[in-house]
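A structural walkthrough
Spelled out, the chains give:
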Amino acid sequence: MKKFIVTLLLLFSAKAFAWQNDMSLKGGLGLSQATIHAFDNSEDHMTGFGFNTQFGYRFSDWEINLASYIYWGKIDDLKFRANNTSVVGSGVFRHVSFGPILKYIFDWQPKKGWHFYAGAGPSWSMQTVKLEQFQASSGNFTSDYKLTYISRGGMVVIGIEEILPFKEMHPVYFEVLYSYKKSKDVSVVDASNFAEVRTISTEESEQDIRGSFIMINAGITLF
């Protein structure tokens, strides 16, 4: 009985070790080109900069990751509506999204030591708009306020990754990701006091914010 228990423990330890070796954390920088549609058919094209992280587990031909993407950039002349207020202006647009991505890893190598992968998954995100120059046509809106949108959508990705014997050698990757999102809720937040941010209102946004994001990411396997 003792020998049987020891054997089970050894098998479990081996599997746990292999599972741990197949886990990885990746991260890098990126460039985003977005087309943002807002209230009353207003539209703007934004170039953003940011970074990405991917924590996941790799099987032989598949990989599942929990990925996050953070980008920010400038927007011009977009119209917004919240809390009985209509406002048009320019300012800073911040985008934070995360979601699971299931990737398939192809055996074919376009160049020795590199392989392709492709994947897709759902996405949840938060966009924050801090207007620096604006005009409010109705209601009450001050320079201390910012708009926060909660959005849902999906993403697809194709990329190429370096093949190395061990992840500790920090293989690099390059990928292009496309995502589309529609807003669900919008909040007006008073950010005048950073120690105590106050929410003025929260309501359904009627999909006032919609966005198509093309992201070019590059990074390495950290561990």
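In what follows, the structure referred to is the one given above.
Residues numbered from 1 in each chain as written. Predicted model: local features only at pLDDT ≥ 70, side-chain atom pairs only at ≥ 80, totals over all residues. Heavy atoms only, no water.

With that settled, the discussion passes to unusual backbone geometry. Phi at Asp40 is positive, roughly 60°, even though this residue is not glycine. Position of Asp40 relative to the elements: it lies in the loop between strand E1 (23-37) and strand E2 (43-58). What makes Asp40 partly exposed here is its relative accessible area of 47%. Not every positive phi belongs to a glycine, and Asn41 is a case in point at roughly 65°. (Helix = DSSP H or I, 4+ residues; strand = E, 2+ residues; numbered from the N terminus. Buried < 20%, exposed > 50% of the residue type's maximum accessible area, 1.4 Å probe, protein only.)

Let's shift gears to the packing of aromatic side chains. Tallied over the full model, the rule gives 9 aromatic pairs. Summarising the aromatic geometry, the rings of Trp62 and Tyr104 are spaced 4.9 Å apart at their centres and angled 65° between planes, so their arrangement reads as edge-to-face. A residue pair is termed long-range when its members are at least 10 positions apart, and Trp62 in strand E3 (residues 62-82) and Tyr104 in strand E4 (residues 85-105) qualify at 42 residues. Between Trp108 and Phe116, the ring centres sit 5.7 Å apart and the planes meet at 25°, which makes this aromatic pair stacked. Three or more aromatic residues link up through ring pairs in this structure, and these residues are Trp62, Tyr104 and Phe106. (Phe/Tyr/Trp six-rings, centres within 6.5 Å; stacked < 30°, edge-to-face > 60°.)

Relative to the assigned elements, Gln54 resides in strand E2. The exposure class of Gln54 is buried, given its relative accessible area of 1%. Within the local environment of Gln54, its side chain forms a polar contact with the side chain of Lys103, the two groups lying 2.6 Å apart. Once residues lying within four places of it in the same chain are set aside, the contact partners of Gln54 are Ser24, Leu25, Lys26, Asn65, Leu66, Ala67, Tyr69, Lys103, Tyr173 and Glu175. (Polar contact = N/O pair within 3.5 Å; in protein donor to acceptor, adjacent residues only side chain to side chain. Contact = heavy atoms within 4.5 Å.)

All chains considered together, the criterion is met by 9 salt bridges. Where Lys26 meets Glu161, a salt bridge forms, and the shortest distance between an N and an O atom there is 3.1 Å. With Lys26 in strand E1 and Glu161 in strand E6 (residues 145-162), this pair connects stretches of sequence that are 135 residues apart. Comparing Lys26 with Glu161, the two get one shared label, buried. Ionic pairing is found between Arg58 and Glu63, a salt bridge with its closest N-O pair at 2.6 Å. What makes Arg58 partly exposed here is its relative accessible area of 24%. Here the salt bridges do not stand alone but share partners, grouping Lys26, Arg58, Glu63 and Glu161 into one network. (Salt bridge = Lys/Arg side-chain N within 4 Å of Asp/Glu carboxyl O.)

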